[in-house]
Amino acid sequence: MNMAARKRRVNEKGGRPKVGPLLLFLGWLAASSVILFAQLDRESRYRPGLADYVPAAFRSFSQAVIVEHMLKDRADPDATYAEAGRLLLRRPMPAENLSLYALAAARVGKESQSLRALGLAAARGWHDDISQYAALDAAIQAGDWPNASLRFRALIQIQARPAILGRATQGFMADPRGRTALAALIAQNPSLQYQFLSLAGAYGADGTFPLFVNALKPLKGHLDCGALHILVTRWLAHGESGLASDAWGLCARYGGGSASDLSFSRHDGDSDPFAWHLSDHPAIAWSLDAAGGLAYRHEEHPARLLGWRVLTLTPGLHRLKMEGRPAVLNGNYPSVRLRCMPSGTMVQMEPTPDDLHIFAILVPGDCHVQKLEVKILEGGFQGFRLVYS
């Protein structure tokens, strides 16, 4: 009886703790930590800022993020190379990791290891932009333009980073054989023409884009003029007159952006970025004559926009003549104005003293693309034409 009572008192005082629940809690805590760090590691692929919160022992995907950041920030080469080596130990198969290791090895002077890693990456993974660019650059250096073209197309298809696409484009645009190869690549890949042409315009050195357009001329029958129209319209909106005019010459049927012919026509800006956009407002009725003139009637009092088009006048002095007459005596004349693109700044236009229907236009030096607008008041007009002189 005394022995039993003494054992109960010992147990009631906790002199003999039960370790089972404590071990269970610690095991749960450890498992939760592993799951949490593994999830952070995976999530760091999409949210790179999380990589710093993953302990070194749990780094896999986050290790690649850390190495990439060290390369981008130009951290200590030896430390970067050590981290890249740990990356390969943990995930040696992905081509992206081999490429990061190659870059880190090159920074510490291990050229043979770098080249070997790049070769393995290029052979192992088409979706790695670094290895694809390395293979492209090697092909360019060897004059192997078919292989370089294949790699360039792969870079577009895997949506490589802009900096890598830029360097690849520069490699093609800097060499006459490269421009010819790029022209053939564009003709053979209609669905990628917008991307290739956009890159050529953005990354070609001064004076190389017209040479590239010359290489495209024998192949212009293979061009997607709808895609080119979108690209040229974008260039014009940003004031890139040279790129737009040179490129649209491959598809233009109506004279491109030349101000020498301001005739109105039935083709519109939906098919030609340099054509007139004429109003479809129900209060405005218009028709064209055989000489390229316009007859219109506006049924309402407020001034409205009859039409507009894009010009690429060179900076300096120009003259514009308005022809035609109001439908009734003392009727209203149209008003014409010119704006710089993309700033919207008005260009100075003044009627000349000897003829109020001839305007002197002074285009400023930084205004390479202009928007010509025609506004009309109530009433009619016949034989309306604008003539550049």
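We now turn to the structure provided with this report. It should be emphasised that the depicted structure is a prediction, and the values quoted were computed from it without experimental measurement.

1. What about the pattern of salt bridges?
Part 1: For the structure on display, the rule yields nine salt bridges.
Part 2: Here Glu 373 makes a salt bridge to Arg 337, at a shortest N to O gap of 2.5 Å. One end of the pair, Glu 373, is in strand β9 (residues 369-376); the other, Arg 337, is in strand β6 (residues 335-341), with 36 residues separating them in the sequence.
Part 3: Via salt bridges that share partners, Arg 337, Arg 339, Lys 371 and Glu 373 belong to a single interconnected network.

2. Comments concerning the state of the cysteines
By definition, a disulfide is the covalent link that joins the sulfur atoms of two cysteine residues.
Part 1: For the structure on display, the rule yields two disulfides.
Part 2: With a sulfur-sulfur separation of 2.0 Å, Cys 225 is cross-linked through a disulfide to Cys 251. Since a negative S-S torsion denotes a left-handed disulfide, the Cys 225-Cys 251 link at about -85° is left-handed. Within this pair, whereas Cys 225 is found in helix α13 (residues 225-237), its partner Cys 251 is found in the loop between α14 (241-248) and β1 (277-278), the two being separated by 26 residues in sequence.
Part 3: On the basis of relative accessible area, Cys 225 is assigned to the partly exposed category, the value being 30%.

3. Details of helix α8 (residues 145-157)
Residues that lie three or four places apart on an α-helix share one face, since the helix turns once every 3.6 residues.
Part 1: Taking 1.5 Å of rise per residue, the 13 residues of α8 would be expected to cover 18 Å, and the 18 Å separating its terminal C-alpha atoms lies within 8% of that figure.
Part 2: Phi turns positive one or two residues past the end of α8, at Gln 159, with a value near 55°.

4. Description of the packing of aromatic side chains
Part 1: This structure, assessed with the given rule, holds eleven aromatic pairs.
Part 2: With centroids separated by 5.2 Å and ring planes inclined at 75°, the aromatic side chains of Phe 152 and Phe 196 adopt a geometry described as edge-to-face. Highlighted residues: Phe 152 in helix α8 and Phe 196 in helix α11 (residues 193-203), separated in sequence by 44 residues.
Part 3: Its relative accessible area of 1% is what places Phe 196 among the buried residues.
Part 4: With 5.9 Å between their ring centres and 55° between their planes, Phe 209 and Phe 212 make a pair best called tilted. Taken together, the residues span about one helical turn, with Phe 209 and Phe 212 both in helix α12 (residues 208-216) at a distance of three residues. Both residues of the pair, Phe 209 and Phe 212, belong to the buried class.

5. Quick look at the nonpolar core
Part 1: In this structure, Phe 152, Phe 172, Leu 182, Phe 209, Phe 212 and Val 232 are the most contacted members of the largest nonpolar core, which totals 62 residues.
Part 2: If you tally residues by element for this core, the top one is helix α5 (residues 95-107), at seven residues.
Part 3: Every residue in contact with Phe 212, bar those within four places of it in the chain, is listed here: Met 173, Arg 179, Leu 182, Ala 183, Ile 186, Leu 197 and Ala 200.
Part 4: If you look at the next biggest cluster of nonpolar residues, it comprises 27 residues, including Ile 284, Cys 340, Val 347 and Ile 361.

6. Some thoughts on the sheet that holds strand β10 (residues 379-388)
Part 1: Strand order in the open sheet formed by six strands is β2-β3-β10-β5-β8-β7, with antiparallel pairing between adjacent strands. If you trace the sheet from one side to the other, it starts and ends with β2 (284-288) and β7 (348-352), each paired once. With strand direction ignored, the average angle separating the axes of adjacent strands in the sheet is 30°.

The rules behind the values
Residues numbered from 1 in each chain as written. Predicted model: local features only at pLDDT ≥ 70, side-chain atom pairs only at ≥ 80, totals over all residues. Heavy atoms only, no water. Salt bridge = Lys/Arg side-chain N within 4 Å of Asp/Glu carboxyl O. Helix = DSSP H or I, 4+ residues; strand = E, 2+ residues; numbered from the N terminus. Disulfide = S-S within 2.5 Å. Buried < 20%, exposed > 50% of the residue type's maximum accessible area, 1.4 Å probe, protein only. Expected span 1.5 Å × (residues − 1). Phe/Tyr/Trp six-rings, centres within 6.5 Å; stacked < 30°, edge-to-face > 60°. Core = buried A, V, L, I, M, F, W, Y, C linked by side-chain atoms within 4.5 Å. Contact = heavy atoms within 4.5 Å. Pairing = 2+ DSSP bridges. Axes fitted to C-alpha atoms, helices over the stretch in contact; angles between N-to-C directions.

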